[in-house]
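# Report on the structure
What follows is the residue order along each chain.
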Amino acid sequence: MTVSSHAIANEFIALAKSEGKALTNMQLQKLVFISQGYTLAILEHPLYFHNTHAWQWGPVIPKLYKPLQKYGRNFVTESLESEDVLDQNSEEMEIIKAVWDGYGHLSGGRLSELTHKPNTPWSITWENNQFGIIPENLIAEHYKGIVESA
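Residues numbered from 1 in each chain as written. Predicted model: local features only at pLDDT ≥ 70, side-chain atom pairs only at ≥ 80, totals over all residues. Heavy atoms only, no water.

Time to look at helix H4 (residues 91-103). Relative to the 18 Å expected for 13 residues at 1.5 Å per residue, H4 spans 18 Å between its end C-alpha atoms, a close match to the ideal helical length. For H4, every residue scored as buried is listed here: Glu92, Met93, Ile95, Ile96, Val99, Trp100 and Tyr103. Buried residues of H4 fall within an arc of 155° about the axis and therefore sit on the same side. Residues Glu91, Glu94 and Asp101 are exposed on H4 and point more than 90 degrees away from its buried face. (Helix = DSSP H or I, 4+ residues; strand = E, 2+ residues; numbered from the N terminus. Expected span 1.5 Å × (residues − 1). Buried < 20%, exposed > 50% of the residue type's maximum accessible area, 1.4 Å probe, protein only. Arc of directions from axis to C-beta.)

In helix packing, the relevant descriptors are the interaxial angle and the interaxial distance, both defined with respect to the helix axes. Running from amino to carboxyl end, helix H1 (residues 5-18) crosses helix H2 (residues 25-42) at an angle of 110°, the nearest separation of the two axes being 10 Å. Here H1 is positioned roughly perpendicular relative to H2, judged by the angle of their axes. Both H1 and H2 take part in a crossing whose hand is right-handed. Contacts between H1 and H2 involve Ser5, Ile8, Ala9, Phe12 and Ile13 on the former and, on the latter, Leu28, Leu31, Val32 and Ser35. (Axes fitted to C-alpha atoms, helices over the stretch in contact; angles between N-to-C directions. Parallel < 35°, antiparallel > 145°, perpendicular 65-115°, else oblique. Left-handed = near helix turned anticlockwise from the far one by under 90°. Contact = heavy atoms within 4.5 Å.)

Before going further, it helps to examine the nonpolar core. Most often, soluble globular proteins have nonpolar side chains that are buried together. Membership of the largest hydrophobic core comes to 42 residues, with the highest contact counts inside it found for Ile8 and Phe12. Among the elements of the structure, H1, H2, helix H3 (62-68), H4, helix H6 (121-128) and helix H7 (136-149) are those that each provide at least two residues to this core. Once residues lying within four places of it in the same chain are set aside, the contact partners of Phe12 are Leu23, Leu28, Leu31, Val32, Ser35, Ile96, Val99 and Trp100. (Core = buried A, V, L, I, M, F, W, Y, C linked by side-chain atoms within 4.5 Å.)

Before going further, it helps to examine the side chain of Thr39. Take Thr39: it is sitting in helix H2. If sequence neighbours within four positions are ignored, Thr39 has contacts with Glu44, His45, Pro46, Leu47 and Ile95.

Okay, the pattern of salt bridges next. For the structure shown, the criterion picks out two salt bridges. Across the pair Glu19 and Lys21 runs a salt bridge, and its minimum N-O distance is 3.3 Å. Between Arg110 and Glu113 there is a salt bridge, and its shortest N-O distance comes to 3.1 Å. One end of the pair, Arg110, and the other, Glu113, are both in helix H5 (residues 108-115), three residues apart, so they sit about a helical turn from each other. Look at Arg110 and you get partly exposed, because its relative accessible area is 34%. Taking relative accessible area as the criterion, Glu113 reaches 49% and is therefore assigned partly exposed. (Salt bridge = Lys/Arg side-chain N within 4 Å of Asp/Glu carboxyl O.)

Below, the structure is given as C-alpha coordinates:
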(Lines give C-alpha, C1' and ligand atoms only; values in the text may rest on other atoms or scores of the structure.)
Protein backbone atom coordinates (compact mmCIF):
# COMPACT_ATOMS: atom_id res chain seq x y z
CA MET A 1 0.00 0.00 0.00
CA THR A 2 1.40 3.39 -1.00
CA VAL A 3 0.79 6.17 1.54
CA SER A 4 2.04 9.68 2.27
CA SER A 5 5.55 10.25 3.53
CA HIS A 6 3.92 11.75 6.64
CA ALA A 7 2.42 8.37 7.54
CA ILE A 8 5.85 6.73 7.24
CA ALA A 9 7.48 9.45 9.36
CA ASN A 10 4.78 8.92 12.00
CA GLU A 11 5.70 5.23 12.19
CA PHE A 12 9.34 6.15 12.84
CA ILE A 13 8.30 8.74 15.42
CA ALA A 14 6.24 6.05 17.19
CA LEU A 15 9.06 3.49 17.03
CA ALA A 16 11.50 6.02 18.49
CA LYS A 17 9.07 7.00 21.27
CA SER A 18 8.54 3.33 22.16
CA GLU A 19 12.28 3.18 22.92
CA GLY A 20 12.41 6.52 24.72
CA LYS A 21 14.15 8.21 21.79
CA ALA A 22 13.38 11.14 19.52
CA LEU A 23 14.33 11.91 15.92
CA THR A 24 15.32 15.03 14.00
CA ASN A 25 13.98 16.17 10.66
CA MET A 26 17.17 14.92 8.98
CA GLN A 27 16.89 11.49 10.58
CA LEU A 28 13.25 11.22 9.54
CA GLN A 29 14.01 12.30 5.97
CA LYS A 30 16.70 9.65 5.60
CA LEU A 31 14.82 6.83 7.38
CA VAL A 32 11.70 7.44 5.27
CA PHE A 33 13.83 7.50 2.11
CA ILE A 34 15.70 4.31 3.02
CA SER A 35 12.35 2.62 3.66
CA GLN A 36 11.23 3.70 0.21
CA GLY A 37 14.37 2.12 -1.24
CA TYR A 38 13.86 -1.23 0.41
CA THR A 39 10.16 -1.27 -0.42
CA LEU A 40 10.89 -0.57 -4.09
CA ALA A 41 13.56 -3.28 -4.08
CA ILE A 42 11.62 -5.97 -2.23
CA LEU A 43 7.94 -5.31 -2.92
CA GLU A 44 8.47 -3.56 -6.27
CA HIS A 45 6.13 -0.68 -5.50
CA PRO A 46 6.66 2.68 -3.77
CA LEU A 47 6.05 3.02 -0.05
CA TYR A 48 5.10 6.70 -0.28
CA PHE A 49 3.76 8.80 -3.13
CA HIS A 50 5.57 12.10 -2.50
CA ASN A 51 8.58 12.95 -4.67
CA THR A 52 12.09 12.73 -3.25
CA HIS A 53 14.55 15.39 -4.37
CA ALA A 54 18.34 15.57 -4.41
CA TRP A 55 19.12 18.43 -2.03
CA GLN A 56 22.53 19.47 -0.78
CA TRP A 57 22.31 17.31 2.36
CA GLY A 58 20.98 14.25 0.58
CA PRO A 59 17.57 12.91 -0.36
CA VAL A 60 14.76 15.12 0.91
CA ILE A 61 11.01 14.79 0.56
CA PRO A 62 9.89 18.44 0.32
CA LYS A 63 6.29 17.59 1.32
CA LEU A 64 7.70 16.05 4.49
CA TYR A 65 10.31 18.75 5.05
CA LYS A 66 7.79 21.58 5.14
CA PRO A 67 5.88 20.51 8.28
CA LEU A 68 9.14 19.46 9.99
CA GLN A 69 11.22 22.55 9.25
CA LYS A 70 9.84 24.34 12.32
CA TYR A 71 11.93 21.97 14.44
CA GLY A 72 15.20 23.05 12.85
CA ARG A 73 17.89 20.72 14.17
CA ASN A 74 15.86 19.88 17.27
CA PHE A 75 13.91 16.72 17.88
CA VAL A 76 10.48 16.31 16.33
CA THR A 77 8.02 16.25 19.21
CA GLU A 78 4.68 15.55 17.53
CA SER A 79 3.27 13.21 14.93
CA LEU A 80 2.33 14.75 11.60
CA GLU A 81 -1.13 15.21 10.21
CA SER A 82 -1.90 12.31 7.91
CA GLU A 83 -5.05 10.62 6.76
CA ASP A 84 -3.03 7.55 5.83
CA VAL A 85 -2.46 4.75 8.31
CA LEU A 86 -0.33 1.70 7.70
CA ASP A 87 -1.56 -1.77 8.49
CA GLN A 88 0.68 -2.81 11.39
CA ASN A 89 0.79 -6.38 10.02
CA SER A 90 1.72 -5.42 6.46
CA GLU A 91 4.90 -6.21 4.56
CA GLU A 92 5.51 -2.47 4.36
CA MET A 93 5.46 -2.21 8.14
CA GLU A 94 7.91 -5.12 8.36
CA ILE A 95 10.29 -3.14 6.13
CA ILE A 96 9.88 0.00 8.24
CA LYS A 97 10.66 -1.98 11.40
CA ALA A 98 13.69 -3.58 9.73
CA VAL A 99 14.95 -0.16 8.63
CA TRP A 100 14.45 1.09 12.20
CA ASP A 101 16.41 -1.87 13.56
CA GLY A 102 19.22 -1.39 11.05
CA TYR A 103 19.43 2.39 10.80
CA GLY A 104 17.39 3.94 13.63
CA HIS A 105 20.39 4.28 15.93
CA LEU A 106 22.31 6.45 13.44
CA SER A 107 22.55 10.23 13.66
CA GLY A 108 21.20 12.46 10.92
CA GLY A 109 24.77 13.22 9.86
CA ARG A 110 25.66 9.53 9.57
CA LEU A 111 22.47 8.78 7.63
CA SER A 112 23.28 11.68 5.33
CA GLU A 113 26.78 10.25 4.76
CA LEU A 114 25.27 6.90 3.77
CA THR A 115 22.98 8.51 1.21
CA HIS A 116 25.84 10.69 -0.15
CA LYS A 117 28.13 7.88 -1.18
CA PRO A 118 29.21 7.77 -4.85
CA ASN A 119 26.80 5.97 -7.20
CA THR A 120 23.84 6.32 -4.86
CA PRO A 121 20.52 7.57 -6.24
CA TRP A 122 21.22 10.93 -4.59
CA SER A 123 24.74 11.33 -6.04
CA ILE A 124 23.67 10.34 -9.56
CA THR A 125 20.76 12.77 -9.48
CA TRP A 126 22.80 15.54 -7.82
CA GLU A 127 25.46 15.30 -10.57
CA ASN A 128 22.88 15.65 -13.33
CA ASN A 129 20.02 17.64 -11.79
CA GLN A 130 20.71 19.41 -8.49
CA PHE A 131 17.52 19.70 -6.46
CA GLY A 132 15.72 17.53 -9.04
CA ILE A 133 13.51 14.52 -8.38
CA ILE A 134 15.36 11.27 -7.68
CA PRO A 135 13.85 8.70 -10.08
CA GLU A 136 12.25 5.68 -8.40
CA ASN A 137 14.02 3.32 -10.81
CA LEU A 138 17.41 4.58 -9.55
CA ILE A 139 16.30 4.09 -5.95
CA ALA A 140 14.97 0.58 -6.69
CA GLU A 141 18.13 -0.47 -8.54
CA HIS A 142 20.40 0.78 -5.75
CA TYR A 143 18.50 -0.96 -2.96
CA LYS A 144 18.13 -4.19 -4.96
CA GLY A 145 21.93 -4.24 -5.03
CA ILE A 146 22.05 -3.84 -1.24
CA VAL A 147 19.45 -6.59 -0.72
CA GLU A 148 21.25 -8.98 -3.09
CA SER A 149 24.63 -8.42 -1.43
CA ALA A 150 23.28 -9.01 2.09
